[in-house]
Amino acid sequence: MAVDVLLGLQWGDEGKGKLVDRWSRRGYDYVARFQGGPNAGHTIFHEGRRVVLHHVPAGIFAPGVRCVIGNGVVVNPLTLAQEVETLRGVGVEVGKRLIISTRAHLILPTHPKIDASHEKSQNIGSTLRGIGPTYQDRVARRGLTVGDVLWDDFPHRVRHLTEIHRQMGVAPPDLQAFMQAACALTEHEIADVETMLTDALDSGAMVLAEGAQGTLLDLDFGQYPYVTSSHTTAGAACTGLGIGPRRIRHVIGVFKAYATRVGNGPFPTELEDDEAERLRTAGGEYGATTGRPRRCGWLDLPALKYAVKLNGVDILCMTKPDVLSNYGRIKVCVSYTDAKGNNHRVLPSVPERRGLVPNYVELSAWNEPRKEDPGFAKFLNLVESELGMRVEYVSYGPGREEIRHYP
Ligand code: GDP
Ligand code: IMO
Ligand code: MG
C-alpha cells in the first residue's frame, strides 16, 4: 500500500532505533534500511536489555514484521553475523525474517583499512567501518554485491578486489573468516528487494523505511566534507529500496531536544568543557557504535528547519526532553548572524566559512516533559512556531512505551 519513512533530522543518534521499534508495531509488514551500513548504531531496550543494531532494522523485535536491507545499504557480513548472534542471545531469531538485496554492496576486510588511511589526511571523524571506501568501489563499478556471493567465481572476485586494494597500499588480509561469513548470508533471504517490495505494496503491504545517520550528515546536504558517504534524506528511501516516489505516504522526522554530533565538522551551538560535559552525562551521550563521547550543544532551530524542509517532513517526533528536566536555564538557537552581519533563520551552506554566530532564546527548563508543565509548553511553542508545524510525538525515555502522542 504505502511506505512511511522515519529518519533523523540532526547529526544522527536522534533515537531512531527506539522509535522504529515502537512504530513498527503499527501494522507494518516490512521495516527496511535503505542507506548507510554498520556506521549506524540504533539502540533498543528489549525486555530490560540494551541491544545496539548496526544493520538489522529495528523492526526485528516486532512479532510478524519482516526486515529488509535494501540495495542502498553496505553490508559487512562479519559484523552482521555478530549482530544476529546478539539478537539470538535476547531470544530473537533473525534467519529468513531478514531479506537482503542482491544489490547491496559488501564491505570487505580491506575497506575499514582504507578508511583508516584516508582518515589520516581528511580527519572527518569517520566511524572507520569502511563505509566510504565501499561506496567508492560501488561508484567505481568494481564493488562486490550480496548477489555475487551466490556465484562460483565469488572467491576469485574477492581476491581481484583485494588485489586492487593492495595496489592502493593496503596489505592483503586473511580472508577466511570473511568468506565464511559471506557464505553464511544465505541463512537469510537474498532477493531482488525492489521487485519483492513493489509487488508487496501492490498487494496492500505497509513498509516502514528506517533512516540511518541524520540529515545534516547527508553526502550533498550535510556540511561537506564532514558528511557520511550516502544520502540520508527522504529521497534515498526510493533509490535505496527501489520504490517509486509516489509510494511514500508520511515522512516522520526525529530530533533531540538538544543537539549532538560525533566526529568533526561545524556545530554552531556546540557547548564547551564543563557545560558540554554536563549535557553529555545527563543524556548518556556516548557513541552506540564507537563509544566516542558525543559533542553536545543546544537545539539548533535554523538547522532543524532546513532538515524539515529538505525531507518534506509531515510528522515530527521529539526525543530526550527528559534529559533537560530540572536542568535550570537552557538555550535554543533561533537564528545565526554571519560575518557580514546578515541574519539567517535557515541553515545556509558551508557555515564554517561564514563564521555563523548563533542567536539564542533563553528559557527555564521544565520539571516534566509534558504539555501540562508550563516550562515544557513554552519550549514546545517556541519550536513549533519557528518550524511552522506541530510536534506530534514526544519520547521521554529510552523504553518502548515512553512516548506521548499529541494529536
Ligand atoms: P539512533 O542512532 O538514532 O537510533 O540513536 P542512538 O541509539 O545512537 O542514541 C540514542 C540514545 O538515546 C540511545 O541510548 C537510546 O536508548 C536513548 N533514547 C532514545 N530516546 C530517548 C528518550 O526519549 N529519552 C532518553 N532519555 N533516552 C532516549
Ligand atoms: P546513526 O544511524 C552519528 C558520522 C561519523 C562521522 C561521519 C562520517 O546511529 O545515527 P562514516 O563512518 O560514515 O564515514 O562517518 O558521520 N556518523 C554518525 N554519527 N550517528 C550515526 O549513525 C553516524 N554514522 C556516521 O561520526 O562524523
Ligand atoms: Mg546511533
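Residues numbered from 1 in each chain as written. Chains lettered and ligands numbered in written order. Predicted model: local features only at pLDDT ≥ 70, side-chain atom pairs only at ≥ 80, totals over all residues. Heavy atoms only, no water.

**What about the coordination of the magnesium ion (ligand 3)?**
Those donors, Asp13 (OD) and Gly41 (O), are the protein atoms that reach the magnesium ion (ligand 3), and they lie 2.1 to 2.2 Å from it. Remark: Gly41 occurs in the loop between β2 (30-33) and β3 (42-46) and Asp13 occurs in the loop between β1 (2-8) and α1 (16-23); sequence separation between them is 28 residues. The exposure class assigned to Gly41 is buried, which follows from its relative accessible area of 11%. (Donors = N, O, S within 2.8 Å, 3.2 Å for Na, K, Ca; no water. Helix = DSSP H or I, 4+ residues; strand = E, 2+ residues; numbered from the N terminus. Buried < 20%, exposed > 50% of the residue type's maximum accessible area, 1.4 Å probe, protein only.)

**Overview of the environment of Ala259**
With respect to the helices, strands and loops of the structure, Ala259 is situated in strand β12 (residues 259-261). Between the alpha carbons of Ala259 and Arg295 there is a distance of 8.3 Å; along the sequence they are 36 residues apart.

**Description of the side chain of His55**
Position of His55 among the secondary structure elements: in the loop between β4 (49-53) and β5 (66-69). Under the relative-accessibility criterion, His55 is labelled buried at 0%. A polar contact of 3.1 Å, which involves the side chain of His55, links it to the backbone nitrogen of Asn76. Beyond its immediate stretch of four places on either side in the chain, His55 contacts Arg33, Pro38, Ile69, Val74, Val75, Asn76, Thr79, Leu80 and Glu83. (Polar contact = N/O pair within 3.5 Å; in protein donor to acceptor, adjacent residues only side chain to side chain. Contact = heavy atoms within 4.5 Å.)

**Section: the packing of aromatic side chains**
The full count for this structure, using the stated rule, is 6 aromatic pairs. Ring centres of Trp298 and Tyr327 lie 6.3 Å apart, and the angle between their planes is 90°; this geometry places the pair in the edge-to-face category. Here Trp298 is found in the loop between β13 (295-297) and β14 (299-300), whereas its partner Tyr327 is found in the loop between β15 (315-319) and β16 (329-337), with 29 residues between them in sequence. Residue classification places Trp298 among the buried residues on the basis of a relative accessible area of 6%. On the basis of relative accessible area, Tyr327 is assigned to the buried category, the value being 8%. (Phe/Tyr/Trp six-rings, centres within 6.5 Å; stacked < 30°, edge-to-face > 60°.)

**Re the packing of helix α3 (residues 110-122) against helix α4 (residues 131-139)**
Contact pair α3 / α4: the axes reach a minimum separation of 7 Å and the direction vectors enclose 110°. By the angle between their directions, the pair α3 and α4 is classed as roughly perpendicular. In contact with His111, Ile114, Asp115 and His118 of α3, α4 contributes Ile131, Gly132, Pro133, Thr134, Gln136 and Asp137. Taken together, the residues of the contact of α3 with α4 sort by class into 3 nonpolar, 5 polar and 2 charged. (Axes fitted to C-alpha atoms, helices over the stretch in contact; angles between N-to-C directions. Parallel < 35°, antiparallel > 145°, perpendicular 65-115°, else oblique. Nonpolar A, V, L, I, M, F, W, Y, C, P; charged D, E, K, R; others polar.)

**Comments concerning the site of ligand 1**
Surrounding ligand 1, one finds 20 residues, the nearest of these being Lys16, Gly17, Thr43, Asp322 and Ser395. One of the backbone N or O atoms of Lys16 is found 2.7 Å from an oxygen atom in ligand 1. Between Lys320 and ligand 1, the recorded distance is 3.0 Å, taken from a side-chain N or O atom to an oxygen atom. In this structure, ligand 1 is accommodated by the second largest pocket. (Near = heavy atom within 4 Å. 1 Å grid on protein atoms, 1.4 Å probe; cavity = no way out; pocket = protein on both sides within 12 Å on 5 of 7 lines; lining within 4 Å. Sits in = over half its atoms within 2 Å of the grid points.)

**Quick word on unusual backbone geometry**
Here the amide bond leading from Tyr224 into Pro225 is cis, since omega sits at 5°, within 30 degrees of zero. One can find Pro225 in the loop between β10 (206-210) and α8 (236-239). Positive phi, normally seen in glycine, also occurs at Glu47, with a value near 45°. Here Glu47 shows up in the loop between β3 and β4. Judged by relative accessible area, which is 68%, Glu47 ranks as exposed. With phi around 65°, Arg141 is a residue other than glycine that occupies positive phi space. With respect to the helices and strands, Arg141 occurs in the loop between α4 and α5 (154-167). Arg141 sits in the exposed class, given a relative accessible area of 77%.

**Remarks on the nonpolar core**
Core analysis: the biggest nonpolar cluster contains 60 residues, and Leu9, Tyr30, Phe255, Leu316, Leu324, Ile330 and Phe379 have the highest contact counts within it. The element that contributes the greatest number of residues to this core is helix α11 (residues 374-387), accounting for 6 residues. Beyond its immediate chain neighbours, meaning those up to four positions away, Leu324 contacts Ala257, Tyr258, Leu279, Trp298, Ile330, Ala365 and Trp366. Judged by nonpolar contacts, the second largest core, of 51 residues, contains Leu108, Leu144, Phe178 and Ile403. (Core = buried A, V, L, I, M, F, W, Y, C linked by side-chain atoms within 4.5 Å.)

In short, shape yes, function no, at least from these values alone.
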